[in-house]
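# Per-entry structural report
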Amino acid sequence: MLKQRIITALILLPIALCGFFLLEGSGFALFIGLVVSLGAWEWARLAGFTGQAFRVGYAAVVALMLFVMYILPGLAPWVLGASVLWWAVATYLVLTYPRSSEHWSSAATKLVIGLLILLPAWQGLVQIKQYPLGNWLIMAVMVLVWGADIGAYFSGRAFGKRKLAPQVSPGKSWEGVYGGLALSLVITAIVGLVRDWTVAELIKGLIGAALIVFISVVGDLTESMFKRQSGIKDSSNLLPGHGGILDRIDSLTAAIPVFAVLLWMAAP
């Protein structure tokens, strides 16, 4: 399994880096759209649909909606705003699972939730890419999420005692969350010092980083909640050794649109 994971990572990493940082405009939007559409194909299975015809059809509907969003950029604030509201609701659903499942257990509701997760992730990346330092901002949100994951892993293994959401993901602990948050804040502080941020900018950066870390945890737990309710271990086997697309981007689907909203709020 480890060998398989390493081989898959070595193949995918250069593809992902080239797609994120070398592509621009419509090429970038198409690249991210392909990833999101594959995620939609996986989400249909989490919603309870195993037939390939329906899963492909759902992915096609998502791809069509992405195209509409691309040609109508005025929809962006509405899409990102809906995302912020959804992740607030998702936080409640995760914390109250399994009781909360009565509100979203129907297949139709799950399909709508899939749209609220996938469409804003695409929109957020497209928006971030348009900033003057778009590539670096995309890297920033990814480093924050990866830093939180790494810090949570080691902190959780060393100190984890209090379960974060035992009914959703028994392996995660509050100590892991704190460790991930601490590492991400240290990374943010280092960046702020290197870039000579003012005290006010550093404080806003640290607050923003903390929000991104917490919402990325919610994104991770949300997919875990849907997988647990569906009795599925991995969203698919598209990525040998890693599971599916959603298993790799679950934290980012929450972090990216919220990060895009924070950037918009911070703009002069």
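To keep things clear, this report deals only with the structure shown in the data block. All figures in this text were calculated on a predicted structure; none of them were measured in a lab. (Residues numbered from 1 in each chain as written. Predicted model: local features only at pLDDT ≥ 70, side-chain atom pairs only at ≥ 80, totals over all residues. Heavy atoms only, no water.)

The next thing to look at is the packing of aromatic side chains. The full count for this structure, using the stated rule, is 10 aromatic pairs. The interplanar angle of 45 degrees and the centroid separation of 4.4 Å between the aromatic rings of Trp 104 and Phe 226 together place this pair among those described as tilted. One end of the pair, Trp 104, is in the loop between helix 4 (76-95) and helix 5 (107-129); the other, Phe 226, is in helix 8 (residues 199-230), with 122 residues separating them in the sequence. Among the residues examined, Phe 226 registers a relative accessible area of 0% and is labelled buried. Taken together, Phe 20, Phe 21, Phe 28 and Phe 31 form an aromatic cluster joined through their ring pairs. (Phe/Tyr/Trp six-rings, centres within 6.5 Å; stacked < 30°, edge-to-face > 60°. Helix = DSSP H or I, 4+ residues; strand = E, 2+ residues; numbered from the N terminus. Buried < 20%, exposed > 50% of the residue type's maximum accessible area, 1.4 Å probe, protein only.)

It is worth spelling out the pattern of salt bridges at this point. Oppositely charged side chains can form a pair if their charged atoms are brought close together. What the rule picks out here adds up to four salt bridges. Note that Arg 162 and Glu 175 form a salt bridge whose closest N and O atoms lie 3.2 Å from each other. Of the two residues, Arg 162 sits in the loop between helix 6 (134-159) and strand 1 (163-165) while Glu 175 sits in helix 7 (residues 174-194), which places them 13 residues apart along the sequence. Its salt-bridge partner being Asp 247, residue Lys 227 comes within 2.9 Å of it at the nearest N-O pair. With a gap of 20 residues between them, Lys 227 in helix 8 and Asp 247 in helix 9 (residues 245-266) connect regions that are remote in the sequence. Of the two residues examined, Lys 227 and Asp 247, each falls in the buried class. (Salt bridge = Lys/Arg side-chain N within 4 Å of Asp/Glu carboxyl O.)

Let's shift gears to the nonpolar core. One finds Ile 32, Trp 43, Trp 87, Trp 122, Ile 128, Ile 212 and Met 225 to be the most contacted residues of the largest nonpolar core, which totals 66 residues. Every element with two or more residues in this core is listed here: helix 2 (25-46), helix 3 (52-71), helix 4, helix 5, helix 6, strand 1, helix 8 and helix 9. Once residues lying within four places of it in the same chain are set aside, the contact partners of Trp 87 are Ile 117, Ile 215, Val 218, Gly 219, Thr 222, Thr 253, Ala 254 and Pro 257. (Core = buried A, V, L, I, M, F, W, Y, C linked by side-chain atoms within 4.5 Å. Contact = heavy atoms within 4.5 Å.)

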